[in-house]
Amino acid sequence: MPLVLPLTTSTEDQTQNPVLFIFLGASNLARSFHGLKYCIERCIFPRPASFVHAMGPGRGYLSRGGILNAVYSPILNCGILEAVQNKKIKDQSVVALITDIGNDIMYGVSSEKIINGLQYLLNALGEFKTNIFITSIPVDLENDISELHFHITRQIYFPKSSVKYSQASNNIKAINKFILQSSNKKITIINDMKQFCGIDKIHYSILKSQLAWSHIAKKLTTSLNTNVSPQFRTSELALSIANNVARILLTDMLGIINKTEETF
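Residues numbered from 1 in each chain as written. Predicted model: local features only at pLDDT ≥ 70, side-chain atom pairs only at ≥ 80, totals over all residues. Heavy atoms only, no water.

1. Points about helix α3 (residues 80-87)
Okay, so step 1: Every buried residue of α3 is listed here: I80, L81 and V84. The buried residues of α3 all sit within an arc of 100° when viewed along its axis, so they share a single face. Seen from the buried face of α3, the exposed residues on the opposite side, beyond 90 degrees, are Q85 and N86.
Okay, so step 2: Check the buried side of α3 and you find it contacts β1 (19-24), β2 (49-54) and α5 (111-126). (Buried < 20%, exposed > 50% of the residue type's maximum accessible area, 1.4 Å probe, protein only. Helix = DSSP H or I, 4+ residues; strand = E, 2+ residues; numbered from the N terminus. Arc of directions from axis to C-beta. Contact = heavy atoms within 4.5 Å.)

2. So, a nonpolar patch on the surface
Okay, so step 1: A cluster of nonpolar residues, I206, L207, I241, V245, L249, L250, L254, I256 and I257, forms a patch on the protein surface that exposes about 850 Å² of accessible area.
Okay, so step 2: You can see L254 is positioned in the segment after α10 (234-253). (Patch = residues over 30% accessible without salt bridge, like charges linked within 9 Å, V, L, I, M, F, W, Y side chains within 5 Å. Areas by Shrake-Rupley, 256 points an atom, 1.4 Å probe, with all protein chains shown as cover. Salt bridge = Lys/Arg side-chain N within 4 Å of Asp/Glu carboxyl O.)

3. Some thoughts on the packing of helix α2 (residues 27-44) against α10
For any two helices packed against each other, one specifies the inter-axial angle together with the distance between the axes.
Okay, so step 1: Between α2 and α10, whose axes approach to 6 Å, the crossing angle comes to 135°. Comparing their axes, α10 and α2 come out oblique. Note on packing geometry: the crossing formed by α2 with α10 is right-handed. The segment α2 lies against α10, with A30, R31, S32, F33, H34, G35, Y38, C39 and R42 engaging E236, L237, L239, S240, I241, N243, N244 and R247.
Okay, so step 2: Residues that form the contact of α2 with α10 fall into these classes: seven nonpolar, six polar and four charged. (Axes fitted to C-alpha atoms, helices over the stretch in contact; angles between N-to-C directions. Parallel < 35°, antiparallel > 145°, perpendicular 65-115°, else oblique. Left-handed = near helix turned anticlockwise from the far one by under 90°. Nonpolar A, V, L, I, M, F, W, Y, C, P; charged D, E, K, R; others polar.)

4. Describing the environment of A70
Okay, so step 1: Within the secondary structure, A70 is located in strand β4 (residues 70-72).
Okay, so step 2: You can call A70 buried: its relative accessible area is 0%.
Okay, so step 3: Spatially, the C-alpha atoms of A70 and M253 are 4.9 Å apart, while their sequence positions differ by 183 residues.
Okay, so step 4: Excluding its chain neighbours within four sequence positions, the residues that come into contact with A70 are G65, D252 and M253.

5. A look at the environment of S146
Okay, so step 1: With respect to the secondary-structure elements, S146 resides in the loop between α6 (141-144) and α7 (147-157).
Okay, so step 2: Linking S146 and Y165, residues 19 residues apart in sequence, is a C-alpha distance of 8.9 Å.
Okay, so step 3: Within the structure, the side chain of S146 is placed 3.1 Å from the backbone nitrogen of H149, a separation counted as a polar contact. (Polar contact = N/O pair within 3.5 Å; in protein donor to acceptor, adjacent residues only side chain to side chain.)

6. What about the pairing of β2?
Okay, so step 1: Where β1 meets β2, six bridges bridge the pair, whose relative direction is parallel. Paired with V19 across the two strands is A49, which belongs to β2.
Okay, so step 2: Tracing the backbone out of β1, into α2 and back to the parallel element β2 gives a crossover that is right-handed. (Pairing = 2+ DSSP bridges. Right-handed = clockwise from strand over helix to strand, strands pointing away.)

7. Some words on the side chain of S240
Okay, so step 1: Position of S240 relative to the elements: it lies in helix α10.
Okay, so step 2: S240 sits in the buried class, given a relative accessible area of 0%.
Okay, so step 3: Polar side-chain contacts of S240 include one of 2.7 Å to the backbone oxygen of E236.
Okay, so step 4: Once residues lying within four places of it in the same chain are set aside, the contact partners of S240 are A30, R31, S32, F33, H34, G35 and F232.

8. Side note on the pattern of salt bridges
Okay, so step 1: Scanning the model with the defined rule gives four salt bridges in all.
Okay, so step 2: A salt bridge links E262 to K37; its shortest N-O distance comes to 3.4 Å. Of this pair, E262 sits in the segment after α10 while K37 is found in helix α2, placing the two residues 225 residues apart along the sequence. K37 matches E262 in its accessibility class, with the two residues each being buried.
Okay, so step 3: A salt bridge links K173 to E142; its shortest N-O distance comes to 3.1 Å. Taken together, the residues K173 in helix α8 (residues 165-181) and E142 in helix α6 connect sequence positions 31 residues apart.

Structure (structure tokens):
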């Protein structure tokens, strides 16, 4: 009779080696960060997990951006890559999520510069032997948003922007083409997030946010050979939104509470 191992049996690597998660993004990530963190910790337990992140509403990868007086430095020169180099320990797996790409387009950065920035980021993360997950921009302007809708959205989120509809459309196509062509055994493209977007086609719908981040969490944790399916809880979504509002007001705007060591 063949030996059948119990479902709870894990390899030494699964149960002991720690994992460092690098999260890079803007408003979608910021609104759900805490829930995503708890979801992943549950999923890979008992493996230790640590996190570093650069995020915030309106944040760009190459441009300064934000809302009101909460202005964030560009992700590519915020110091997070240097911190990872110093923080990473022996035998630690590294998993990175690159998401919320597109704000730079509305700040007038060309697709060529954005692509060069993303290539630099992929190369830098690759030096840490990172499993990289990157989301494409989940909107096709010509098919998803009318020119009037685009101008209204631009006025709401990027009131100082003068980027034209056709310019944004062409840049999205070029950047998504680069992202899709970057796929390899260490870089996984997540290009099915459009189904979770809300009316503005930028942010995940509040009603679908749990599904969106459970979907992403599953992608991230599958690379760690876990058999536990991550479920983003309603309570965690509420806590995430509350934490995001508090962080923006108390840390990013008023400076009453200092940033944590994991925040860049």
